[in-house]
Amino acid sequence: MNARAALALSLASFASLASYAPRAHAETRAAYGGQALGALASSAVDLDPLSLNPGDGEIAALLFDSPFRVDPLGRLRPQLALALDVDRATPLRARLRLRPDVRFHDGTPLRAKDVAASLARALQSPAGWMLAPIRAARAVADDVVEIDLARPAPDLALLLSTPAALVTPGGAHRSIGSGPFRLDAVDNGQVRLSAHAACFAGRPYLDGLTLRAYGSRPEEAGAWDVGALHVARHLGAGVDRAAVEGPMTITEYLAIGRGISDAFVAPFAAAFELGIDRDRLRRLAVRERAVPARSPAPPALGGASGVPVYDPAAATRAFADKVPAEARKVSLVVDKSRLEDRAVADRILADLARVGIEVAIDLADAASYQQRLQSGRYELLLGASAPPAPDGGLAELALVAVADPAIARAALLRAPAAIGAQAAPRVVPLYHRAPRLHHAAELRGLAVDGAGRASWADAHWRR
Amino acid sequence: MFAVPRRFARAAIVLALVVRAGGASAGPGTLDRLADTLVDRARPSLDRIATLDVGVAVSAPWPRLAGDLSELVSSRLRALGARSVVKGGGDSAWARANGLERVVRITVDAQGPTLRASGAVVALSGGLWSDESETRAHLYAEAPLDAELKAYLPGPLQPPGAWQARGLLAGDLDVLALDVGDTDGDGRAEIVAATASELVAFDLVADASGARLVERWRARLDGRLAAQRPRADVATVAVEAGAVSAHASPFADGVRRAGKSAEPARGYRLRGVGTCELEPGVDWFTPASCGVAATELPERFWTAASLKRADSSTAMAAIVPGPAGGTLWLRLGAAPPIAVRGVGAQLALATLDRGEVVVTSDPVEPGEPDAVVVRALAPAAAVLHRVERLPGQVRALATGDVDGDGQPELIAAVRDDAARKTELWIIR
């Protein structure tokens, strides 16, 4: 007898995502048309579904679709999929049946071979660790993908909603998908998108969308003030503007790279755990709603809550006699297109100086930051991790994958992700924050998800 | 049976002050005194009036009375020194289009020997980016229905009693369309609600514990998925000759259900208009998709309805999408169509005991609950009544005799997304 793997999922943790729920508000139906300009969380580097860069992730969510998606209420819904069947007699084989009428932006139909090839490409990439239980995927009909599993996978539908399962034509590294927007151009740091009128999930309301990252807060605020920006991420507090906020699920972290000897990883991690005042850090340096991180998983996804211990004296003791003086000078790589991170890095620098660690901040552009993050060629790195799906275990594994995707892949290969199941020795979570967007009051329908991505396909103007 | 014990003015529940405008005398000037009282009550909320552009909107079942009272109130506001005073429909789109800072909204009705005027002073933000409004004062005045006032009322018609509206819980049902009709052959009409995935029929029953909705039957909408759906789902439902035709946008086909049998049916049934198809990927219909001439209906519309009138002519109405909401398109017989801007997406035409009406939803202000607006099915489409302070968004409108008293009622599905509940409001 067949059982729908999707139905076997335990989605209890989703219930905690109350902030995903849309607000009740009275409006007539949304109007089609118009253009909007929005700020990205970081510069776009590589518009590929497997890119780890937050700015790329925002755009990928607009260009590409995955077999499943998580709706605004945190429920798992089929997107490209019609059904996911797992035969109980052969629990290591699943059949994914696809919608028949989906087309890519170039007009070609989306077929099972595209899904299989996209999954296969993700399996070859470190960024595809989220698909670890999948051993192979192949098209057995135009609309059916057969998936071989390495373990029984009640979490398969959830994993097929993650960015690693986004589909491109033939699984190629191309900026063509089936999502609500198509890519028109990338020029001068701006990404220009237009409505995909044939999108099976409905044409987006806006005709066009221009997204870019700003070099500084004043630049972004200036663009807002002159009306050249309709959705901003870094406006100052105290000004009454329309805003939407997502759940508190983005984790800011400090990663210890290969530039630090294995022998010193534990003392450094202990020094960071005890020597960084994470509560003060989120109060002074973070403008969005945030809580200090007591565990890698955010409380909104079932992680521990409360203020972590801050004890600089203990941090000094844990560190001083284990790391020689010459190894205490380290560089901290920061993505300079993430405006908030610069202020956070300054606070970290001050805190670590008190425990005897001399930090030099290394501001990198988004592209070189990504290269160094993926290669591990850094000593310390400040970054932000979004859960690939609203699941505490996957949120933790995403932090593990920052330092070594192979460990995350191996953990997920063994069993479905669970909170506390896998340690992340090279990553110290600092705080969990709720992404917030300020928007023009006449731009309606906007929401922000747990990964900080705006729901641009539902945004519309009301004049 | 759902019976009305007595008609009452819903507004009276929330109004703060009751002021008698007239004493025993009912000679000439009664309407002037009514206007004086209303303006006196409004005055504290019109501070720095010399800097204010004020709108006056009076709705009443008697257009001449509404016009005169509107003029009297306007002239008093001008005398108080208002920078400008504009008369009009009173909805938010009209207020914004005229750049108003305050709107004095008044509804007049009659009960027994008394004429009652109730309403509010609404302050609108002047900010370019703000759509906020705030009720600054509630107004209420009444006057004896003396010879002067009776002269405003049409002879053969008795002044209709106050409108009555009440909400009945329908559960967590994300209603997208409504219709009323006898679906089970018992001689009584049911309310049939369509969501994106199911049909639910309710009976309205009343007993010692009061009126309530009782679910009669429920059926799933399913089948082949639509190749392309609108981003926000839409649905239609029509009860005709005992059969229910329904279609929700997630699915390629609709269903026609007669008794216990159900069969697939193409298109979206709009009662009195025909069977239409959604334009791919969006939420509107075109005349061509309904098989009617381009001159019969607007170029594109969210919904449409028609009504055979007492004089045997046909009234056709539609809601036309626009950047600031909907526009009511209304054509009476062979006359050129008229347009009323700033309405919501829902529509119903009905012949009530009060006369022929066109009913629309009305997005009062973003972030606030919708209203239901009843207009006369006449060239000016004068506002007869507004049902405000509804607990959410008006998702669907329908008309039919749901209480079996032989007179049709208006039914509005009002959805509160945050509370995840829907109420069906019965308006008469």
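This text follows the structure it describes.
Basis of the calculations
Residues numbered from 1 in each chain as written. Chains lettered and ligands numbered in written order. Predicted model: local features only at pLDDT ≥ 70, side-chain atom pairs only at ≥ 80, totals over all residues. Helix = DSSP H or I, 4+ residues; strand = E, 2+ residues; numbered from the N terminus. Rg over C-alpha atoms; globule rule 2.2 N^0.38 Å. Buried ≥ 20, exposed ≤ 12 C-beta atoms within 10 Å, placed from the backbone. Contact = placed C-beta atoms within 7 Å. Pairing = 2+ DSSP bridges. Arc of directions from axis to C-beta. Axes fitted to C-alpha atoms, helices over the stretch in contact; angles between N-to-C directions. Nonpolar A, V, L, I, M, F, W, Y, C, P; charged D, E, K, R; others polar.

A. Structural detail: the overall build of chain A. From N to C terminus, chain A includes 12 helices and 22 strands. Scaling as 2.2 N^0.38, a compact globule of 463 residues should have a C-alpha radius of gyration of about 23 Å, and chain A matches this with 22 Å. Structurally, chain A occupies a C-alpha span of about 65 × 60 × 40 Å along its principal axes. Within chain A, the fraction of its 463 residues that count as buried is 57%. The contacts of chain A with a sequence gap of at least 6 include a subset with a gap of at least 24, amounting to 71%.

B. Structural detail: the overall build of chain B. Along chain B, the regular secondary structure elements total five helices and 27 strands. For chain B, the residues scored as buried account for 49% of the 428 residues in total. Taking all contacts inside chain B whose residues are at least 6 apart in sequence as the whole, residues at least 24 apart take part in 53%.

C. Inspection of the environment of Trp224(A) at higher detail. All names here are of chain A. Assignment of secondary structure puts Trp-224 in helix α5 (residues 217-225). Using a count of 23 C-beta atoms within 10 Å as the deciding quantity, one classes Trp-224 as buried. Counting along the chain gives 187 residues from Trp-224 to Leu-37, while the straight-line C-alpha distance between them is 9.7 Å.

D. Up close: the pairing of strand β2 (residues 35-39) of chain A. Residue and element names in this part refer to chain A. Counting buried residues in β2 gives four out of five residues, a clear majority hidden from the surface. Where β2 and strand β11 (residues 208-212) come together, five bridges link them in parallel fashion. Looking at the pairing, Ala-36 lines up with Leu-209 of β11.

E. Here's a closer look at helix α12 (residues 405-414) of chain A. Residue and element names in this part refer to chain A. The set of residues buried in α12 consists of Pro-405, Ala-408, Arg-409, Ala-411 and Leu-412. Down the axis of α12, the smallest arc covering the buried residues is 165°, so these residues share one side. Summarising the contacts, the buried residues of α12 are in contact with α11 (392-403).

F. Inspection of the sheet that holds strand β19 (residues 427-433) of chain A at higher detail. Residues and elements named next belong to chain A. The strand order across the open sheet formed by six strands is β15-β19-β14-β18-β16-β17, and the pairing between neighbours is mixed. Sheet topology places β15 (290-292) and β17 (358-364) at the edges, where each strand pairs with a single neighbour. The sheet shows a mean angle of 25° between the axes of neighbouring strands, direction not considered. Helix α6 (residues 262-275) contacts β14 (250-256) and β19 of the sheet and is inclined by roughly 140° relative to β14. In this fold helix α10 (residues 366-375) packs onto β16 (329-335), β17 and β18 (380-385), with an angle of close to 125° to the strand it touches most, β16.

G. Representation of helix α7 (residues 278-285) of chain A. Residues and elements named next belong to chain A. Within α7, burial applies to Arg-278, Leu-281, Arg-282 and Ala-285. Buried residues of α7 fall within an arc of 100° about the axis and therefore sit on the same side. Contact partners of the buried residues in α7: β15, α9 (339-354) and β19.

H. View of the environment of Ala196(B). All names here are of chain B. Structurally, Ala-196 can be placed in the loop between β8 (190-194) and β9 (198-207). For Ala-196, a count of 17 C-beta atoms within 10 Å translates into the label partly exposed. Beyond its immediate stretch of four places on either side in the chain, Ala-196 contacts Asp-174, Leu-176, Asp-233, Ala-235, Ala-248 and Pro-250.

I. Quick peek at the interface of chain B and chain A. Between chain B and chain A, the residue contacts involve 34 residues of the former and 31 residues of the latter. Looking at the side of chain B that touches chain A residue by residue, the classes come out as 16 nonpolar, 10 polar and eight charged.

These values are about where atoms sit, not about what they do.
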